[in-house]
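As a plain string of letters, each chain reads:
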Amino acid sequence: MKDETTYLKNHKFPTEYAKMLKLGEEAFKQESTQPVIARQKAEQASKIALKLNEYDYFSRLQCTIGRTLIFLGNIKEAIAVLENNLNFIREHLSDSIECLSLTYNILGTVYINTCEYQAALETLLIARSFAYLPHLGSIYNNLGLVYTYTGDNDKALECWELGLEVTDEIQDIKTYAQIRHNMSFAYFKLGRISETIQGIEKVLELFEKNKGKQQGVSGKTRIRSLNMLGEVYRAEKKYDAALEILEQALKLAEAEHFTPICCEVLIDKAKVYFEQAEGAAGIACLLDALAHANKSGLHIQKQETLEQIISYYKKTQNLEAAFPYLEQLYQIQRKQVEELRSKNFRKIILERDKEIHLLEEKNKEIQRQNATLKQFAYIISHDLREPIRGITGFASMLNNKYAQKLDATGNEYLQFILSEAHSMNRNLARLLQYTTIEKNTDNIKELDLQEIITKIQRQYHDESLQLNISFEGETIKMQRQHAVLLLSELIDNVIQFKKEGEDCQVEIKCELKEGYHHLSVKDYGIGIAPAYHDKIFKIFNKITKHEGNTGVGLAICERIVQLYKGEISVESTLNQFSTFHIKIPV
């Protein structure tokens with residue numbers, strides 16, 4: 001914030017500005033002790049801040065509202081407030097790293113409270129990425145909590161050590177003490193009692209040393225450390241010492257109006273009494289904690305207290321006494337389930353909308369590609385073939401009228417021009433065929449492959465070619481023209497690469513397997529070397545110089561198969577056989 005005294009004098013609305021500051025500062029102080037009142041004051045101050053265009057102060061107030069909602073257990077609302085604040089910061093504060101760091105840090109604590117530790121970790125790492133020094137200690141403290149709750153105590157202690165370095169450097173005693181307290185808690189969970197006690201003593205020492213200072217150890221941290229000391233004594237079965245220290249912590253918490261901590265201390269007192277078989281005294285503590293939670297609207301503490309009461313009555317087999325508390329717990333858990341369902345439903349809707357958007361974008365891209373292919377096909381059929389026709393036409397005229405006037409070399413050159421022009425025209429025709437292959441789902445039908453193969457075989461009536469095709473298997477669902485073209489290209493490939501002086505033997509099978517049709521075409525020709533098994537499906541990739549081979553046929557086969565989201569591959573041994581395997585989903 002600015003120099004408030006100077007700014008107040010020069011402000012257009014000094015009265016409203018002063019009121020905003022007063023309400024805001026009260027909200028900041030009361031957010032953990034009186035969260036309901038703090039929230040009301042923060043909301044009032046927020047309205048004034050927006051009116052005065054005090055956007056940075058407004059953002060800070062939104063963080064306070066978020067924290068009060070956490071204390072009240074209104075997690076769903078807390079997340080909404082903090083996410084809206086992030087959007088506000090990006091829109092009005094030019095992505096202020098101070099405001100973003102603070103908001104992400106608090107959002108991380110929300111996820112810690114709901115035990116969504118992966119979300120907490122991701123959010124806190126974003127907060128850390130801003131490297132805003134005044135917040136780093138708190139961020140490392142929260143990261144340590146995430147790691148300790150997920151069982152990675154080594155990483156937790158590493159984060160806390162970093163937090164201690166930062167807070168020591170900037171003299172942030174308050175956060176330093178919080179980290180010391182949390183490290184003590186981790187040591188306690190690990191059974192390292194001496195280190196636990198040392199940590200607690202350090203926090204209490206810091207409190208006494210900095211008592212009354214604005215940046216001193218918070219009363220909450222001091223009380224929580226006393227409460228932990230009570231837990232240590234309970235673990236060591238020093239029950240009198242535990243009750244004494246817990247009573248001290250309770251009085252301090254009540255004096256400071258730290259209601260959530262009052263509930264924690266009372267629950268721990270109850271556990272001490274239960275271990276000493278003083279059930280009535282333990283239940284009295286829990287009922288006191290329940291009263292505190294109900295009065296302040298603390299849902300999390302209320303649930304924990306109810307669970308402790310029910311647990312005790314179950315152990316003592318007093319189910320009748322447990323029943324009213326079971327009913328209350330059921331209502332809380334039912335609300336939580338409804339909120340979770342609502343959250344999951346929103347998540348599903350968002351994910352579905354995202355998928356639809358991606359599919360729409362993909363569809364637009366496919367449409368653009370198809371439009372490009374159609375334009376390319378037009379260029380091939382008109383712009384590129386037209387010059388070839390001209391070359392072929394004039395070369396033919398030259399051959400017819402002037403061939404006798406040319407010497408042998410001239411005629412050789414002329415024949416070369418005609419041959420290359422015809423070859424170029426053939427390649428363009430094949431390329432046009434490749435680019436114009438399309439799929440029309442309305443024309444997909446169940447096809448009898450035997451009938452198609454018979455018709456293809458009739459096309460080869462050259463006496464010098466003996467073509468034997470055998471077929472066995474099922475029908476297949478495709479467009480007829482695609483099936484005809486696919487099989488024709490594969491049979492053409494067999495004929496081109498048959499062994500010299502031998503007949504063409506082709507074995508075609510079609511099997512229905514789980515989820516797909518398996519079509520195989522096997523021949524006993526010259527075979528394909530392993531190095532070319534993938535390359536042969538690339539357009540114009542000719543591995544031999546057989547006459548009439550354009551290098552497009554197998555590329556056409558692959559394009560047809562891909563239209564059906566299928567796969568094509570080859571299995572081959574040189575001078576023995578080749579089998580093309582085609583898988584088309586049913």
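These figures come from a predicted structure and were not determined experimentally. (Residues numbered from 1 in each chain as written. Predicted model: local features only at pLDDT ≥ 70, side-chain atom pairs only at ≥ 80, totals over all residues. Heavy atoms only, no water.)

Caption draft 1: Molecular detail of the confidence of the model for the protein chain. Per-residue pLDDT for the protein chain averages 85, and the proportion of residues at 70 or more is 93%. Note on residues 6-10: pLDDT under 50 across the span, and six contacts to partners over four residues away in sequence or across chains. (pLDDT = per-residue confidence, 0-100. Contact = heavy atoms within 4.5 Å.)

Caption draft 2: Up close: the pattern of salt bridges. Enumeration over the complete set of coordinates arrives at 17 salt bridges. Between Glu-26 and Lys-41 there is a salt bridge, with its nearest N and O atoms 3.0 Å apart. Here Lys-41 lies in helix α3 (residues 35-51) and Glu-26 lies in helix α2 (residues 14-30), a separation of 15 residues in the sequence. Put simply, Glu-195 and Arg-192 hold a salt bridge, and the shortest N to O gap is 2.7 Å. The exposure class of Glu-195 is partly exposed, given its relative accessible area of 27%. By relative accessible area, Arg-192 is classed as partly exposed at 33%. A single salt-bridge network, built from bridges that share partners, covers Lys-22, Glu-26 and Lys-41. (Salt bridge = Lys/Arg side-chain N within 4 Å of Asp/Glu carboxyl O. Helix = DSSP H or I, 4+ residues; strand = E, 2+ residues; numbered from the N terminus. Buried < 20%, exposed > 50% of the residue type's maximum accessible area, 1.4 Å probe, protein only.)

Caption draft 3: The packing of aromatic side chains, seen in detail. Taken as a whole, this structure holds nine aromatic pairs when the rule is applied. Residues Phe-28 and Tyr-57 carry aromatic rings whose centres are separated by 5.9 Å and whose planes lie at 70° to one another, so their mutual orientation is edge-to-face. Taken as a pair, Phe-28 in helix α2 and Tyr-57 in helix α4 (residues 55-72) lie far apart in primary sequence, 29 residues in all. The exposure class assigned to Phe-28 is buried, which follows from its relative accessible area of 15%. Look at Tyr-57 and you get buried, because its relative accessible area is 1%. Among the aromatic side chains, those forming a connected cluster through ring pairs are Phe-274, Tyr-312, Tyr-313 and Tyr-325. It is Lys-522 that lies over the ring of Phe-577; its NZ or CZ is 5.0 Å from the centre. The residue whose ring lies beneath Arg-559 is Tyr-434, and the NZ or CZ to ring-centre distance is 5.6 Å. (Phe/Tyr/Trp six-rings, centres within 6.5 Å; stacked < 30°, edge-to-face > 60°. Lys NZ or Arg CZ within 6 Å of the ring centre and 35° of its normal.)

Caption draft 4: Fine view of a negative patch on the surface. On the surface, Glu-161, Glu-165, Asp-168 and Glu-169 cluster together into a negatively charged patch. Tracing the chain through its elements places Asp-168 in helix α9 (residues 153-169). (Patch = residues over 30% accessible without salt bridge, like charges linked within 9 Å, V, L, I, M, F, W, Y side chains within 5 Å. Areas by Shrake-Rupley, 256 points an atom, 1.4 Å probe, with all protein chains shown as cover. Lys, Arg positive; Asp, Glu negative; His and termini not counted. Charge placed at Lys NZ, Arg CZ, Asp CG, Glu CD.)

Caption draft 5: Main features of the side chain of Ser-101. When you line up the elements, Ser-101 lands in helix α6 (residues 97-113). A polar contact is formed between the side chain of Ser-101 and the side chain of His-135, at a distance of 3.1 Å. The contact partners of Ser-101, leaving out residues within four places of it in the chain, are Ala-127, Phe-130, Tyr-132, His-135 and Ile-139. (Polar contact = N/O pair within 3.5 Å; in protein donor to acceptor, adjacent residues only side chain to side chain.)

Caption draft 6: The side chain of His-517, seen in detail. You can see His-517 is positioned in strand β5 (residues 516-523). Here His-517 falls in the buried class, since its relative accessible area comes to 6%.

Caption draft 7: Looking closely at unusual backbone geometry. A positive phi is found at Gln-171, a non-glycine position, where the angle reads about 60°. Relative to the helices and strands, Gln-171 resides in the loop between α9 and α10 (173-189). Despite not being glycine, Gln-317 has its phi angle at roughly 55°, a positive value. Along the chain, Gln-317 falls in the loop between α16 (299-315) and α17 (319-402).

Caption draft 8: Summary view of the sheet that holds strand β6 (residues 567-573). Reading across from one edge, β2-β4-β5-β7-β6 is the order of the five strands in this open sheet, with mixed pairing throughout. Since the sheet does not close on itself, it has two edges, and those belong to β2 (467-473) and β6, each with one partner. Averaged over neighbouring strand pairs, the angle between their axes works out to 15° when direction is ignored. With eight bridges joining them, strand β4 (residues 504-513) and β5 adopt antiparallel strand pairing. Along β5, the bridge assignment pairs Lys-509 with Ser-520. Helix-sheet contacts for helix α19 (residues 449-458) involve β2, β4 and β5, and the interaxial angle to β2 is about 175°. Along the sheet face, helix α21 (residues 553-563) touches β6 and β7 (577-585) and points at about 140° away from the line of β6. (Pairing = 2+ DSSP bridges. Axes fitted to C-alpha atoms, helices over the stretch in contact; angles between N-to-C directions.)

Caption draft 9: Representation of the packing of helix α8 (residues 133-149) against α10. Look at α8 against α10: their axes get within 9 Å of each other, and the N-to-C directions meet at 10°. Relative to α10, the element α8 is oriented roughly parallel. Here α8 and α10 pass one another in a crossing that is left-handed. Where α8 abuts α10, its residues Gly-137, Ser-138, Asn-141, Leu-145, Thr-148 and Tyr-149 lie against Thr-175, Gln-178, Ile-179, Asn-182, Phe-185 and Ala-186. (Parallel < 35°, antiparallel > 145°, perpendicular 65-115°, else oblique. Left-handed = near helix turned anticlockwise from the far one by under 90°.)

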